[in-house]
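Given next are the chains, with one letter for each unit.
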Amino acid sequence: MPVEMLFKKLLLLLIMMPLQRNSKACGFVVYQNDKLFQSKTFTAKSNFSQKIISSKTDENEQDQSASVDMVFSPRYNQREFQLYSYACVYWNLSTRDWDTYGCQKHKGTDGFLRCHCNHTTNFAVLMTFKKDYQYPKSLDVFSNVGCALSITGLALTIVFQIVTRKVRKTSVTWVLVNLCISMLIFNLLFVFGIENSNKNKTSDGDIHDIDFKNNDVPQTDTINDSNPTCTAIAALLHYFLLVTFTWNALSAAQLYFLLIRTMKPLPRHFILFISLIGWGVPAIVVAITVGVIYSQNGKNPQWELDYRQEIICWLAIPEPDGVTKSPLLWSFILPVTIILISNVVIFITISIKVLWKNNQNLTSTKKVSSMRKIVSTLSVAVVFGITWILAYLMLVNDDSIRIIFSYIFCLFNTTQGVQIFFLHTVRTKIFQTEASKVLTLLLSIGRRKSLSSVTRPRLRVRMYNFLRSLPTLHEHFRLLETSRSTEDITFSESDKAKESI
């Protein structure tokens, strides 16, 4: 950022070193900006005012018979910036750039900074500031619990889908497993890596922390602590979230071909084709984004902040005048918006033509039928990532409404893994059968132990009543069984596709 050249108090002392009878006249000029002093070494990016003081005693542009002391106190927004360092320089007319020859900086008193130059010419103080970022607090309990449940649910879903793949023989397994893997990795990175480790570095910006021995010309007027780890995590979060949305789109496309187009069999090498798209296209997007930013700003030590934020390890939020050039817009918001729009269209089509279509052969009650339709609709909506639409509702200007939508968004999306576990694992007949066997085995072991002990009559009565309630529990589980409108109809129309996966 810029050089802070506003002085609260400036004192120029001209000291004539040799003793001469005739004093020399001295003139001073204050330049209100640095337009006449375009440096090739120092780059100012901020909008702070920049002043240059020029002093001259005779025709010699570097009169070694005079010296200049400058004492100043800089003015800047101390809530937003910290003074990191400064350099005492003059404008070298031969190189047409700032130079430090003959100039030194010294520690002043009462918060003042001091520069000393052994010649008179065009002077400036190049200051480097460090932005005082307000790092967010750690994830709240709500987010941590939701992400922990999602990580557990996703891990169980992946294991279940892989173990029972041959038994179920459905082509959706491969898409769902890849979706869960990308979502699982994203959640792990989000929980353990979203916070920038620089937040643990504290600095009060006191002038006593300045290195007064170093008077080198700085490269820029602002500086940030480099954190390649945070940049790498931001790129990984960017990649795996794009992978998740890509598999959402592939899941929607696959169900569309199976349910609406009733394509049978699916195209040859279908799994290989969608795998290359699901994992390859996001990698290309992230690689191009990072490559373009580095090629344009690679010489700048702070190029990382053109890609990511400093307060968290995520894509940088664009400035109001740089939205169209923002990597967040072109490499994330735009592709995600296109995916969500297409997924919503396919979701509405499947819901009307398949999930909520009246079935003349349906013999169950209307209550059970409606419940199954609702659960089936939710199971499709979760896999399609429809709940991410709530993120756009967080852009409203009203703070109270934005907070409400933020909590709703957090509720639905941090628990997305749990939703997938219950809707695509617990609902399956295989899971219910195996869970029933395990539960029965545990109950039988507990029953034998309870019968062998005469000192626990109350426990035997409770166990007996619980065993008697198993038929009732089984009837409740029937409400969660996959309806014919979702699994049986879906994949009976594509038998060859099932056998090929």
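Rules of the game
- Within each chain, residue numbers correspond to sequence positions counted from 1 in written order.
- Given that the model is predicted, a residue must reach a pLDDT of at least 70 before its local features are reported, and side-chain atom pairs must reach 80 or more before they are shown or counted; all residues, however, enter totals for whole chains, interfaces and linings.
- To get the side-chain values, all heavy atoms of the structure are used, and hydrogens and water are removed first.
- Any pair of cysteine sulfurs within 2.5 Å is marked as a disulfide.
- For helices the rule is a DSSP run of H or I covering at least 4 residues; for strands it is a run of E covering at least 2, with both sets numbered from the N terminus onward.
- Buried, partly exposed and exposed residues are distinguished by accessible area as a fraction of the type maximum, computed with a 1.4 Å probe on protein chains only: under 20%, between the cut-offs, and over 50%, respectively.
- An expected span of 1.5 Å times one less than the residue number is assigned to each helix.
- Counted as a polar contact is a pair of N or O atoms within 3.5 Å, where, for protein atoms, one must be capable of donating a hydrogen and the other of accepting one, and residues adjacent in sequence contribute only when both atoms are in side chains.
- UniProt positions are given in the numbering used here, feature names are shortened, and annotations may be inferred rather than shown by experiment.
- Each residue carries a pLDDT score, the predictor's confidence in it, ranging from 0 to 100.
- In this analysis, two residues are considered to be in contact whenever any of their non-hydrogen atoms come within 4.5 Å of each other.
- In the sections that follow, a salt bridge refers to a side-chain nitrogen of Lys or Arg positioned within 4 Å of a carboxyl oxygen of Asp or Glu.
- This arc describes the spread of directions from the helix axis toward the C-beta atoms.
- Each axis is a line fitted through C-alpha atoms, and for a helix only the stretch in contact is used; angles between axes span 0 to 180 degrees, taken between their N-to-C directions.
- Definitions for this section: a left-handed crossing has its near helix turned counterclockwise from the far helix by less than a right angle. A right-handed crossing has that turn clockwise.
- Three residue categories are used. Nonpolar comprises Ala, Val, Leu, Ile, Met, Phe, Trp, Tyr, Cys and Pro, charged comprises Asp, Glu, Lys and Arg, and polar comprises the others, including Gly.
- Only buried residues count toward a nonpolar core, which is a set of Ala, Val, Leu, Ile, Met, Phe, Trp, Tyr and Cys residues joined through side-chain atoms within 4.5 Å.

### Examining the state of the cysteines
Linking two cysteines covalently through their sulfur atoms gives a disulfide.
Inference 1: In total, this model carries three disulfides according to the counting rule given.
Inference 2: Each sulfur in the disulfide pair C88 and C115 lies 1.7 Å from the other. Disulfide C88-C115: the torsion about the S-S bond is -75 degrees, which places it as left-handed. Linking C88 in strand β5 (residues 81-92) with C115 in strand β8 (residues 113-117), this pair joins segments that are 27 residues apart in sequence.
Inference 3: What makes C88 buried here is its relative accessible area of 0%.
Inference 4: Given a relative accessible area of 0%, C115 falls into the buried group.
Inference 5: Free of any disulfide, C410 has its nearest neighbouring cysteine sulfur in C147, separated by 7.1 Å.
Inference 6: On the accessibility criterion, C410 (13% relative accessible area) is buried.

### Comments concerning helix α4 (residues 228-260)
Inference 1: Across its 33 residues, α4 extends 47 Å between first and last C-alpha, which sits within 8% of the 48 Å expected from 1.5 Å per residue.
Inference 2: Among the 33 residues of α4, 24 are classified as buried, and the element is accordingly described as predominantly covered.

### Side note on the side chain of T164
Inference 1: Note that T164 resides in the loop between α1 (141-163) and α2 (165-168).
Inference 2: Side-chain polar atoms of T164 contact the backbone oxygen of F160, separated by 2.6 Å.

### Quick look at unusual backbone geometry
Inference 1: With a phi close to 55 degrees, R96 is a non-glycine residue in the positive phi region.
Inference 2: Tracing the backbone through its elements, the reader meets R96 in the loop between β5 and β6 (97-99).
Inference 3: On the basis of relative accessible area, R96 is assigned to the exposed category, the value being 54%.

### Observations regarding the UniProt feature "transmembrane region" (unreviewed entry) in the protein chain
Inference 1: Here, UniProt's "transmembrane region" (unreviewed entry) annotation points to residues 141-163, 175-194, 236-258, 270-294, 328-356, 377-395 and 401-423.
Inference 2: Taken end to end, residues 270-294 has its terminal C-alpha atoms 36 Å apart, with 100% of it in helix and 0% in strand.

### Regarding the confidence of the model for the protein chain
Atomic detail in the predicted coordinates should be set aside for any region of low pLDDT.
Inference 1: Residues at a pLDDT of 70 or more form 70% of the protein chain, whose mean pLDDT is 75.
Inference 2: Below pLDDT 50 for its whole length, residues 1-21 participates in 87 contacts with residues either more than four positions away or in separate chains.

### Topic: the pattern of salt bridges
Inference 1: Counted by the stated rule, this structure contains three salt bridges.
Inference 2: Residue E304 is joined to R308 by a salt bridge in which the shortest nitrogen-to-oxygen separation is 3.0 Å.
Inference 3: A salt bridge links E434 to K437; its shortest N-O distance comes to 3.9 Å. Residue E434 and its partner K437 are located together in helix α11 (residues 429-452), separated by three residues, close to a single helical turn.
Inference 4: Overall, E434 belongs to the partly exposed group, its relative accessible area being 42%.
Inference 5: Among the charged side chains, a salt-bridge network with shared partners connects E304, R308 and E310.

### Digging into helix α9 (residues 399-414)
Inference 1: Here α9 spans 22 Å end to end across 16 residues, near enough to the 22 Å set by a 1.5 Å rise per residue.
Inference 2: Within the sequence span of α9, burial applies to F409, C410, N413 and T414. Considered in projection along α9, the buried side chains sweep an arc of 100 degrees and stay on one side of the axis. When the buried face of α9 is taken as reference, the exposed residues oriented beyond 90 degrees from it are I404 and Y407.
Inference 3: Contacts made by the buried residues of α9 are with α1, α8 (390-393) and α10 (416-426).

### Some words on the packing of α4 against helix α5 (residues 270-297)
Inference 1: Following both chains from N to C, one finds α4 and α5 inclined at 145 degrees, their axes separated by 9 Å at the closest point. By crossing handedness, the relation of α4 to α5 is classed as right-handed. Counting all contacts with α4, which are made through A235, H238, Y239, F240, L242, V243, T246, W247, L250 and Q254, the residues of α5 involved are F270, I274, S275, I277, G278, W279, P282, A283, V285, V286 and T289.
Inference 2: A per-class count over the contact of α4 with α5 returns 15 nonpolar, six polar and no charged.

### Considerations on the nonpolar core
Inference 1: Counting residues in each nonpolar core, the largest one holds 60 residues, and the members touching the most others are F245, W314, F332, I350 and F384.
Inference 2: For this core, the secondary-structure elements that each account for two or more residues are α1, α3 (172-193), α4, α5, α6 (327-355), α7 (366-384) and α10.
Inference 3: Residue contributions to this core peak at 16 residues, all from α4.
Inference 4: With sequence-adjacent residues up to four places away left out, F332 is seen in contact with H238, L241, L242, F245, W314, L315 and P327.
Inference 5: With 18 residues, the next largest nonpolar core counts C115, C117, I210 and F212 among its residues.

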